[in-house]
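Topology and contacts: notes
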Amino acid sequence: MTLPAPVQDLCDRFLLLAEQELPTGLLTGLYLHGGLVFGEWAPRESDVDFVATLARRPEPAEVETLRGVHAQMVAYSSIRFDGPHVLAADLARDPRTLPPVPEMIPTRKLEILVSPSRMITWHELAQAGITVTGPELSTLQIWTDKQALHDYTVDNLDTYWRSNAEGLARAAPADLPTDHRERDYLLTHCILASVRLHHLLVTGEMTAKSRAGRWALTHYDERWHRVVTEGLRLRDATGTSGYADQADLLADVRDFLAHVVETATGKPVAPTNT
């Protein structure tokens, strides 16, 4: 697969910095997952999700070097370059059993942590991951468990996404980010990222956000087609909005997210107090 130019550029930059600053041989592989591996790259919206493999657990001083490498990546590009630094052998383990490892997180900081989202990461790598450098993923043992992935997905909808749905129920248009790109990203994320998880539960297949959105237009009642179409439009930054009023859009996003959570988990979202 030919990577989009911004993605290839970021990977090349990271590998160059790693070669210059990390001990020789510490970095053994760089692999990509996320929507990109399912053929989707939205220039305004997408980040680059990676897994880097190391020859051994890094010493504290080496973690600081990694932190410096990623700080240079942040200064180099506005595109997020997020992911953990693990051992290749870790990919063969249930990710819930891993110790805390260095991970670049969406706040654009390197932290030492355990991330439940690696459940998704491992399965994406196994299904469609892209090898940038290091042993081909097809030659590595990668842990997968369909029931564990299903249970994680339901729990994610029942916790993180339920919290978001309840938060939106209390929100007004004035509470949205004033920067239109931040606002569009937030609304698109609520629409398409939640659908992506529901798509997995219904079909058993992982996919990209926009593909999940197009699936939603065939799966959900027509009541939700306008808001899903708006999510797709905002992600692609094309076309004319189907909403003349931000309050109407926010209300539909709120109601749609609640519908997805309730449908997927079988439990209603707490109604707003207002």
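Look up: the structure comes first, before these words.
Just so it is clear, the structure is predicted and the values come from calculations on it, not from any experiment.

1. Details of the overall build of the protein
Helix and strand counts for the protein come out as eight helices and six strands. On the principal axes, the C-alpha backbone points of the protein span a range of 55 × 40 × 35 Å. Looking at the 274 residues of the protein, the share that counts as buried comes to 50%. Excluding contacts between residues fewer than 6 apart, the proportion of contacts in the protein whose partners are at least 24 apart in sequence is 69%. Of the accessible surface of the protein, which amounts to about 12900 Å², a share of 51% is contributed by carbon and sulfur atoms. The averaged location of the 37 negative side-chain charges in the protein is 1 Å from the averaged location of its 26 positive side-chain charges.

2. Describing the pattern of salt bridges
Any two side chains of opposite charge can pair if their charged atoms end up close together. Following the criterion strictly, the structure yields 18 salt bridges and no others. Measuring nitrogen to oxygen at the nearest pair gives 2.4 Å for the salt bridge that ties arginine 67 to glutamate 64. In this pair, arginine 67 and glutamate 64 are both assigned in helix α2 (residues 60-76), three residues apart and thus about one turn of the helix distant. Exposure remark for arginine 67: the relative accessible area of 28% places this residue in the partly exposed category. Among the ionic contacts, a cluster of salt bridges with common partners joins Arg223, Arg226, Asp252, Arg254 and Asp255.

3. Things to note about helix α1 (residues 5-21)
Taking 1.5 Å as the rise per residue, α1 with 17 residues should run 24 Å; its terminal C-alpha atoms sit 24 Å apart, in good agreement. When we look at burial in α1, the residues that qualify are Val7, Leu10, Cys11, Phe14, Leu17 and Ala18. The buried residues of α1 occupy an angular sector of 130 degrees when projected down its axis, which confines them to one face. The exposed set on the far side of α1, more than 90 degrees from its buried face, consists of Ala5, Glu19 and Gln20.

4. So, the packing of helix α5 (residues 180-203) against helix α7 (residues 225-236)
Direction vectors running N to C along α5 and α7 enclose 130 degrees, while the axes themselves pass 9 Å from each other. Looking at the two axes, α5 sits oblique to α7. Note that α5 runs across α7; the crossing there is left-handed. Contacts between α5 and α7 pair Asp184, Leu187, Thr188, Ile191 and Leu192 from the former with Val227, Val228, Gly231, Leu232, Leu234 and Arg235 from the latter. Along the lines of polarity and charge, the residues of the contact of α5 with α7 split into seven nonpolar, two polar and two charged.

5. Details of the nonpolar core
Val7, Leu32, Val48 and Phe81 are the most contacted members of the largest nonpolar core, which totals 47 residues. Listing elements by their share of this core, those giving two or more residues are α1, β1 (27-33), β2 (48-54), α2, β3 (81-87), β4 (101-105), α3 (118-128) and α4 (146-169). The element that contributes the greatest number of residues to this core is α1, accounting for six residues. In this view, valine 48 contacts Val7, Leu10, Leu32, Trp41, Ile79, Arg80, Phe81 and Asp82; residues no more than four positions away in its chain are not counted. One finds Leu176, Ile191, Leu249 and Leu257 within the second-largest nonpolar core, a separate group that totals 33 residues.

About the cut-offs
Residues numbered from 1 in each chain as written. Predicted model: local features only at pLDDT ≥ 70, side-chain atom pairs only at ≥ 80, totals over all residues. Heavy atoms only, no water. Helix = DSSP H or I, 4+ residues; strand = E, 2+ residues; numbered from the N terminus. Buried < 20%, exposed > 50% of the residue type's maximum accessible area, 1.4 Å probe, protein only. Contact = heavy atoms within 4.5 Å. Areas by Shrake-Rupley, 256 points an atom, 1.4 Å probe, with all protein chains shown as cover. Lys, Arg positive; Asp, Glu negative; His and termini not counted. Charge placed at Lys NZ, Arg CZ, Asp CG, Glu CD. Salt bridge = Lys/Arg side-chain N within 4 Å of Asp/Glu carboxyl O. Expected span 1.5 Å × (residues − 1). Arc of directions from axis to C-beta. Axes fitted to C-alpha atoms, helices over the stretch in contact; angles between N-to-C directions. Parallel < 35°, antiparallel > 145°, perpendicular 65-115°, else oblique. Left-handed = near helix turned anticlockwise from the far one by under 90°. Nonpolar A, V, L, I, M, F, W, Y, C, P; charged D, E, K, R; others polar. Core = buried A, V, L, I, M, F, W, Y, C linked by side-chain atoms within 4.5 Å.

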